Amino acid sequence: MIELNRILKQFDINFPVEELEYFGSNSSMKAIKKDDYFFSPNNTCNELGFVTKGLLRSFIVVDGKEFNIEFYFEDQFVSAFTSFLTQLPSDWTIQALEESELIVINRDLLTDLYERNNCWVSFGKNIFERQTIKKCSREKSLIGDNAATRYKMFREEYHEVENRIPLYHIASYLGITPETLSRLRKK
């Protein structure tokens, strides 16, 4: 129940006790070892995870090169969100950078929750709205901001976990070389 409270404290939603109990008894915990995958490419994503411990990254591979898209750490939701919503295969990979533990909500459970009570509709809407805003902000930054500004924004957003992420992953996320990142960090 403690982990459940960590999820729900983010939302200004009144969850009836019976709904919380139902959620608690129907969601599951998943442990992921460092370097193992929460989601593999060319599959359809049917799970939404809430990180209770650890750090994960999402990335795509283009011409054999990895490009980091996002990092997920404690008290954040993780998924191949577009695939989860559209039920189409994704080329994303989600990998644990550390030993990680997640509360997992499968798609069928989320659909069931939506049908049970409108509090869950608000819950899902909030998760996917936050993810959309985050994605749009990142896209705008990649197109319109220089490397120094992108790094500053990264540090603001990921200040809690920056030291836990290898520098080459940060450089990939920022769309710069590790050498450029090194120069930015020295300034």
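Residues numbered from 1 in each chain as written. Predicted model: local features only at pLDDT ≥ 70, side-chain atom pairs only at ≥ 80, totals over all residues. Heavy atoms only, no water.

Regarding the sheet that holds strand 7 (residues 93–96)
Consideration 1: Spatial strand order, 2-7-4-5: four strands in an open sheet with antiparallel pairing. The strands lining the two open edges of the sheet, one partner per strand, are strand 2 (37–39) and strand 5 (65–73). Shown here is a sheet whose adjacent strand axes are inclined to one another by a mean of 30°, direction ignored.
Consideration 2: Sheet topology places strand 4 (residues 55–62) next to strand 5; eight bridges connect them, and they run antiparallel. Paired with Phe-59 across the two strands is Asn-68, which belongs to strand 5. (Pairing = 2+ DSSP bridges. Helix = DSSP H or I, 4+ residues; strand = E, 2+ residues; numbered from the N terminus. Axes fitted to C-alpha atoms, helices over the stretch in contact; angles between N-to-C directions.)

Remarks on helix 5 (residues 118–144)
Consideration 1: With 27 residues, helix 5 should reach 39 Å at 1.5 Å per residue; the first-to-last C-alpha distance of 39 Å fits that figure.
Consideration 2: All of the buried residues along helix 5 are Cys-119, Trp-120, Phe-123, Gly-124, Ile-127, Phe-128, Gln-131, Lys-134, Arg-138 and Ser-141.
Consideration 3: If you check the start of helix 5, you find a side-chain oxygen 2.8 Å away from the backbone N of Cys-119, and it comes from Asn-117. (Expected span 1.5 Å × (residues − 1). Buried < 20%, exposed > 50% of the residue type's maximum accessible area, 1.4 Å probe, protein only. Polar contact = N/O pair within 3.5 Å; in protein donor to acceptor, adjacent residues only side chain to side chain.)

A few points about the pattern of salt bridges
Consideration 1: Counting across every chain of the model gives 12 salt bridges.
Consideration 2: The residue Glu-98 makes a salt bridge to Arg-164 at a minimum N-O spacing of 2.8 Å. With Glu-98 in the loop between strand 7 and strand 8 (100–106) and Arg-164 in the loop between helix 6 (147–157) and helix 7 (167–174), this pair connects stretches of sequence that are 66 residues apart.
Consideration 3: We classify Arg-164 as partly exposed; its relative accessible area is 29%.
Consideration 4: Glu-129 serves as the salt-bridge partner of Lys-125, at 2.9 Å between the closest nitrogen and oxygen. Highlighted residues: Lys-125 and Glu-129, both in helix 5, separated by four residues, approximately one helical turn.
Consideration 5: Overall, the relative accessible area of 38% leaves Glu-129 in the partly exposed class.
Consideration 6: Among the charged side chains, a salt-bridge network with shared partners connects Glu-70, Lys-134 and Glu-157. (Salt bridge = Lys/Arg side-chain N within 4 Å of Asp/Glu carboxyl O.)

Quick look at a negative patch on the surface
Consideration 1: A grouping of Asp-35, Asp-36, Glu-99 and Glu-101 is seen on the molecular surface, where their side chains present a negatively charged patch.
Consideration 2: Looking at the element boundaries, Glu-101 is found in strand 8.
Consideration 3: Overall, the relative accessible area of 34% leaves Glu-101 in the partly exposed class. (Patch = residues over 30% accessible without salt bridge, like charges linked within 9 Å, V, L, I, M, F, W, Y side chains within 5 Å. Areas by Shrake-Rupley, 256 points an atom, 1.4 Å probe, with all protein chains shown as cover. Lys, Arg positive; Asp, Glu negative; His and termini not counted. Charge placed at Lys NZ, Arg CZ, Asp CG, Glu CD.)

Re the nonpolar core
Consideration 1: Ranked by size, the top nonpolar core spans 37 residues in total, and within it Ile-7, Leu-56, Phe-77 and Phe-123 carry the most contacts.
Consideration 2: Considering every element that reaches this core, the biggest residue donor is helix 5, with five residues. (Core = buried A, V, L, I, M, F, W, Y, C linked by side-chain atoms within 4.5 Å.)

Side note on helix 6
Consideration 1: When helix 6 is considered as a whole, its buried residues turn out to be Ala-147, Arg-150, Tyr-151 and Phe-154. Viewed end-on, helix 6 has its buried residues packed into an arc of 100°, placing them on one side of the element.
Consideration 2: Packing partners of the buried residues in helix 6 comprise strand 5, helix 5, helix 7 and helix 8 (178–186).
Consideration 3: The N-cap residue of helix 6 is Asn-146: its side-chain oxygen and the backbone nitrogen of Ala-148 are 3.2 Å apart. (Arc of directions from axis to C-beta. Contact = heavy atoms within 4.5 Å.)

A short note on the environment of Leu-88
Consideration 1: Here Leu-88 is to be found in the loop between helix 3 (81–86) and strand 7.
Consideration 2: Apart from residues lying up to four places away in sequence, Leu-88 is in contact with Asn-43, Thr-44 and Ser-83.

A few points about the layout of surface pockets
Consideration 1: In this structure, the largest pocket spans a volume of roughly 300 Å³.
Consideration 2: In terms of lining, the largest pocket is formed by 14 residues, of which the most central are Thr-82, Trp-92, Gln-131, Lys-135 and Glu-139.
Consideration 3: When residues of the lining of the largest pocket are traced back to their parent elements, those giving at least two are strand 5, helix 3 and helix 5.
Consideration 4: With seven residues, the single largest contributor to the lining of the largest pocket is helix 5.
Consideration 5: Of the residues belonging to the lining of the largest pocket, the class tally is seven nonpolar, three polar and four charged.
Consideration 6: Volume-wise, the second largest pocket comes out at about 220 Å³.
Consideration 7: Considering the residues around the second largest pocket, the lining is formed by Gln-10, Phe-11, Tyr-72, Asp-75, Gln-76, Phe-77, Phe-81, Ile-127, Arg-130, Gln-131 and Lys-134.
Consideration 8: Residue classes in the lining of the second largest pocket are distributed as five nonpolar, three polar and three charged. (1 Å grid on protein atoms, 1.4 Å probe; cavity = no way out; pocket = protein on both sides within 12 Å on 5 of 7 lines; lining within 4 Å. Points joined across faces, edges and corners; volume = space filled by probe spheres on them. Nonpolar A, V, L, I, M, F, W, Y, C, P; charged D, E, K, R; others polar.)

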